[in-house]
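Take a look at the letters that make up each chain.
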Amino acid sequence: MFLLWALPLALYLLYRWSIATYDYFEKRNIPYVKPVPFFGQVWSFFTQEKHAVDVASEGYHMFPNTRISGVFTLRTPAYLVHDPALFKEMAIRDFDHFTDHVTQLSLEHDPLLARSLFFTNGARWRHHRSGLSPAFTGSKIRNMFVLLSKSAGDAMKRLVVFARGKPFAMELRDLYSKLGNDAMTSISFGVDVDSLTDPDNEFFLKGKRLAQIDGLPGLKLLMTTILPGLFKFLRLGVLYKDVNEFYLEAVSTNIRYRERNLIKRPDFIHLLLQARRNELNSEQTEDDALESAGFSTAETHTVEQRGATGETLQWHDVDITAAAASFFFGGIETTTTVLCFTSYELAVNPPIQERLRAEIDSARDELIDGATPTYEILQKMKYLDMVVSETLRRWAPFGLTNRRCTKDYTFTNTDGTRVTIEKGLNVSIPLKSFHLDEKFFPDPLRFDPERFADPNNINQDAYVPFGTGLRNCIGSRLALMQAKCFLFYMLSNFIIQPGSKLTIPLVLDETSAGLNAKHGFWMNLVPR
């Protein structure tokens, strides 16, 4: 008899507990997405046939006349920023209120990702950011670009030989992943591989597992942002254990070999070894001329190591491996995504492709061998930059970023009310929504590089492909130059046409944590 009334009572009390916080935003006169009991907005991530980015950004479209809206993660309130100018204030002027990302990875279970720049917070992040910044100046990227261009050029020669002068069909994510793996393995780990002719090489197989953002790794990545506390409590790791072990061993062995043989190579490990010896500095005079990799280059900000007591960050092998692995991930996943969607738009917009090819052919006339692009040549290619910039707008590789409020923050909403974001609450920023908002970009779904013909016409608060402020993407120069280099070689040698298996318009893979086409990027490559 006791159970007959005790169980319903317990369930009722549990239900009341689960919704007890759901009046949080109503009390503060802030519009919010109606939560599902127990789950808040989390339920929608698994029940709606939408990409996770679109689910997280629902409030942006539901409440167009506010600077911010509310959501609930389970029973915990969180915010969604609607105003790009507010995001800029949070990220730069008021950065002290939003210094951290929301993820909480374990150094024990994620020894590489937990030490990578994106996932670190607090004093460790300040140490890493200030220590790594000199490695990503224009002159350092130009030095690494030599390795990048050689890797891409050698791979393209092999692709031309494979074609034998005849058109052939290829899935471009697979192709660009292989090209990106080889280039980033050379730049990040100091090892030369050939994944086009040897796709079973260990660096490519482990690289695919490192950069995987669908399936179980994608689900784990999603959990780190929507349920970071639970993820840490369950003591989960995002990367596979064998991937962590492989790269730790490969980098440590590489470092020992360099030190024994006094080898210097203009790559990332060399720069981090300089950082270990406190020898990594910016060459300011030269950097000024090489600073821009295009309109989308993220602005450089100085990060102060506040609270430091004279101690210097020690770059142990695991820290060097983590830094190299994180930029390897960016060079494969992010750049591959940009290249795939650029190639798609070029294939379905032949006039744009023809104009870009004409610019590339003109640039080749300025090269000594007529084939190998230099850093400076790519800097000068206006239309190439316009095409890449528009791809980053139309198809933002990561459509959402986040911050954790580290100190109470008050601002004025559009209706004149004062809003206070309390310390400890999470804030999401819908980069994709900014890019596809017709208030900022008329006819936003149309691919139109001419938007970027005059930078003064672009709302630069709303155009944030690499984020903004002190926690923006430190590797934007490298990512842009890698994408431009691959496009230069591709259009120098091939015409890109839609393949018979290409879905037009593209259908996005809603299950991927990143941005991908559900049915692939199948193209016909026609040798020139």
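Definitions and limits used
- Residues numbered from 1 in each chain as written.
- Predicted model: local features only at pLDDT ≥ 70, side-chain atom pairs only at ≥ 80, totals over all residues.
- Heavy atoms only, no water.
- UniProt positions renumbered as here; feature names shortened; annotations may be inferred.
- Helix = DSSP H or I, 4+ residues; strand = E, 2+ residues; numbered from the N terminus.
- Polar contact = N/O pair within 3.5 Å; in protein donor to acceptor, adjacent residues only side chain to side chain.
- Contact = heavy atoms within 4.5 Å.
- Salt bridge = Lys/Arg side-chain N within 4 Å of Asp/Glu carboxyl O.
- Buried < 20%, exposed > 50% of the residue type's maximum accessible area, 1.4 Å probe, protein only.
- Pairing = 2+ DSSP bridges.
- Axes fitted to C-alpha atoms, helices over the stretch in contact; angles between N-to-C directions.

- As named in an unreviewed UniProt entry, the protein is Cytochrome P450, taken from Anopheles coluzzii.
- Looking at the Cofactor (unreviewed entry) heading of the UniProt record, one finds this comment for the protein: "heme".

1. As for the side chain of Thr-391
Now for step 1: Note that Thr-391 resides in helix H19 (residues 382–394).
Now for step 2: Within the structure, the side chain of Thr-391 is placed 3.0 Å from the side chain of Thr-342, a separation counted as a polar contact.
Now for step 3: In contact with Thr-391, not counting residues within four places along its chain, are Val-338, Phe-341, Thr-342, Ala-396 and Phe-447.

2. Examining the pattern of salt bridges
Oppositely charged side chains can pair when the atoms bearing their charge come close.
Now for step 1: Scanning all chains against the criterion turns up 37 salt bridges.
Now for step 2: For Arg-93, the salt bridge identified is with Glu-89, shortest N-O distance 3.8 Å. Of the two residues, Arg-93 and Glu-89 both sit in helix H6 (residues 84–93), four residues apart, roughly one turn of that helix.
Now for step 3: Using a relative accessible area of 60% as the deciding quantity, one classes Arg-93 as exposed.
Now for step 4: In this structure, Arg-115 engages Asp-319 in a salt bridge whose closest nitrogen and oxygen atoms are separated by 3.5 Å. Taken as a pair, Arg-115 in the loop between H6 and helix H7 (122–132) and Asp-319 in helix H16 (residues 317–348) lie far apart in primary sequence, 204 residues in all.
Now for step 5: Residue classification places Asp-319 among the buried positions, given a relative accessible area of 4%.

3. A look at the sheet that holds strand S8 (residues 494–498)
Now for step 1: Taken in spatial order, the three strands of this open sheet run S3-S9-S8, and their pairing is antiparallel. For this open sheet the edge positions go to strand S3 (168–171) and S8, each flanked by a neighbour on one side alone. Pairs of neighbouring strands in the sheet enclose a mean axial angle of 35°, with direction left out of account.
Now for step 2: By the bridge criterion, five bridges tie S8 to strand S9 (residues 522–527) in an arrangement that is antiparallel. Pairing of Phe-494 across the sheet is with Pro-527, part of S9.

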